[in-house]
Amino acid sequence: MNNGIWNTDLYQNGLMILIGYMFCLVFWLFKNRTVNSFFICFVVWVIASVIMDGIEPVLFKTTGNVPLDRFLWYFGFALIDFLAIYTIFRWHQVEGLNYNRDCIVMCLLLAVLMSLQMLRYIERQVFGSDLLKEIYRDGIPLLNSFALVYLMFASTLQGRKLKNV
């Protein structure tokens, strides 16, 4: 069912991906009990995903004013992505850790997701077009699916302790 910007099928797919993230995080925690660069980005990614999936059902129809609801939708998710990147970098500073390859990949994914949110908002509200509709509709789940596969590989199948670069 598609209600404007919110699609329940995509939402349910997102919840399944979130369960996959949590499974991988629990597996990784049992395997490696250290705070390192990968752990930081993994925890922040999962928390950001929980927040996004939690607010998604109500975010679009918050005010009843379509332009304001779109602003809250796109910039709300972009803000969460930005705060996730900031939290990852700040937590690394506090712990005195260097960023490893996996952390950088996850931050780049967050930056792409944030950019996609902002571009879609500008495209819809400023230009009044739907050129990015397909990219947005398919790109967000695709990037999240890629993140799940990447995190599965890094946390379960890799079989090595991750070292900071």
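My aim in this report is to walk through the structure given alongside it, one point at a time. Just so we're clear, the structure is a prediction, and the values are computed from it rather than from any experiment.

Rules and cut-offs
- Here the residue numbering is sequential within each chain, running from 1 through the sequence in written order.
- Reporting in this predicted model follows two pLDDT cut-offs: at least 70 for local features of residues, and 80 or more for side-chain atom pairs to be given and counted; totals over whole chains, interfaces and linings ignore these cut-offs and use all residues.
- The side-chain figures draw on all heavy atoms in the structure; neither hydrogens nor water molecules are used.
- Strands are runs of DSSP state E lasting at least two residues, helices are runs of H or I lasting at least four, and both sets are numbered from the N terminus onward.
- In this analysis, two residues are considered to be in contact whenever any of their non-hydrogen atoms come within 4.5 Å of each other.
- Per-residue accessibility takes into account occlusion by the displayed protein chains alone, with areas from the Shrake-Rupley method and a 1.4 Å probe.
- The axes are straight lines fitted to the C-alpha atoms, using for helices just the contacting stretch, and the angles between their N-to-C directions are given from 0 to 180°.
- Comment on the angle field: the value is read as roughly parallel under 35 degrees, roughly antiparallel over 145, roughly perpendicular from 65 to 115, and oblique elsewhere.
- Helix crossings are classified by the rotation of the near helix relative to the far one: an anticlockwise turn of less than a right angle makes the crossing left-handed, while a clockwise turn makes it right-handed.
- The nonpolar core is taken to be a set of buried Ala, Val, Leu, Ile, Met, Phe, Trp, Tyr and Cys residues, with the residues joined through side-chain atoms within 4.5 Å.
- Here the term buried applies to any residue with accessible area under 20% of the maximum for its type, exposed to any over 50%, and partly exposed to those in between, with areas from a 1.4 Å probe on protein chains only.
- Salt-bridge detection follows one rule: a side-chain nitrogen of Lys or Arg within 4 Å of a carboxyl oxygen of Asp or Glu.
- Disulfide assignment relies on a single distance test, namely cysteine sulfur atoms paired within 2.5 Å.
- Two aromatic rings from Phe, Tyr or Trp, using only the six-membered ring of Trp, form a pair when their centres are within 6.5 Å; if the ring planes differ by under 30 degrees the pair is stacked, by over 60 it is edge-to-face, and anything between is tilted.
- Only residues whose relative accessible area exceeds 30% and that form no salt bridge are eligible for patches; like-charged ones are grouped when within 9 Å, while nonpolar side chains (Val, Leu, Ile, Met, Phe, Trp, Tyr) are grouped when within 5 Å.

1. Notes on the overall build of the chain
Here comes step 1: When you go through the chain residue by residue, the secondary structure sums to 5 helices and 2 strands.
Here comes step 2: The contacts of the chain with a sequence gap of at least 6 include a subset with a gap of at least 24, amounting to 73%.
Here comes step 3: Of the roughly 9000 Å² of accessible surface on the chain, a fraction of 70% belongs to carbon and sulfur atoms.

2. Some points on the packing of helix 2 (residues 37–59) against helix 4 (residues 101–126)
Here comes step 1: One can describe the packing of helix 2 onto helix 4 by two numbers: an axis separation of 8 Å at closest approach and a directional angle of 25°. In this view, helix 2 runs roughly parallel relative to helix 4, as classed from their interaxial angle. Handedness of the crossing formed by helix 2 with helix 4: left-handed. Residues Ser37, Phe38, Cys41 and Trp45 of helix 2 lie in contact with helix 4, whose contacting residues are Asp102, Cys103, Met106, Leu109, Leu110 and Leu113.

3. Side note on the nonpolar core
Here comes step 1: Membership of the largest hydrophobic core comes to 40 residues, with the highest contact counts inside it found for Tyr21, Phe42, Trp45, Ile88, Met106 and Leu151.
Here comes step 2: Listing elements by their share of this core, those giving two or more residues are helix 1 (8–31), helix 2, helix 3 (66–95), helix 4 and helix 5 (133–157).
Here comes step 3: It is helix 2 that provides the largest number of residues to this core, a total of 12 residues.
Here comes step 4: Beyond its immediate sequence surroundings of up to four residues, tyrosine 21 is in contact with Phe42, Trp45, Val46, Ser49, Asn144, Ala147, Leu148 and Leu151.

4. Here we look at the pattern of salt bridges
Here comes step 1: Applying the stated criterion to the full structure yields 6 salt bridges.
Here comes step 2: Residues aspartate 102 and arginine 101 are paired through a salt bridge, measuring 3.2 Å at the closest nitrogen-oxygen approach.
Here comes step 3: Glutamate 123 is the partner of arginine 120 in a salt bridge, and the nearest nitrogen-oxygen pair spans 2.6 Å. Of the two residues, arginine 120 and glutamate 123 are both situated in helix 4; the distance of 3 residues between them amounts to about one turn of the helix.
Here comes step 4: The exposure class of glutamate 123 is buried, given its relative accessible area of 5%.
Here comes step 5: Within the structure, one salt-bridge network assembled from shared partners comprises Arg120, Glu123, Arg124 and Asp130.

5. Thoughts on the state of the cysteines
Here comes step 1: The final tally for this structure, using the stated rule, is 0 disulfides.
Here comes step 2: Take cysteine 103: it sits in no disulfide, and the sulfur closest to it among the cysteines is that of cysteine 107, at 4.3 Å.

6. Here we look at the packing of aromatic side chains
Here comes step 1: Across all of its chains, the model carries 10 aromatic pairs by this definition.
Here comes step 2: Taking the centre distance of 6.0 Å and the plane angle of 75° together, the rings of phenylalanine 39 and tryptophan 91 count as edge-to-face. Of this pair, phenylalanine 39 sits in helix 2 while tryptophan 91 sits in helix 3, placing them 52 residues apart in sequence.
Here comes step 3: By relative accessible area, which is 24% here, tryptophan 91 ends up partly exposed.
Here comes step 4: Ring pairs connect the aromatic residues Phe71, Tyr74, Phe75, Tyr121 and Tyr136, which therefore count as one cluster.

7. Let's talk about a nonpolar patch on the surface
Here comes step 1: A cluster of nonpolar side chains, namely Leu79, Phe82, Leu83 and Tyr86, defines an oily patch on the protein surface of about 400 Å² accessible area.
Here comes step 2: Of note, leucine 83 is situated in helix 3.

8. Quick look at the packing of helix 3 against helix 4
Here comes step 1: Remark: helix 3 packs on helix 4, axes separated minimally by 9 Å, with the N-to-C direction vectors making an angle of 160°. With respect to each other, helix 3 and helix 4 are oriented roughly antiparallel. For the pair helix 3 and helix 4, the crossing hand works out as left-handed.

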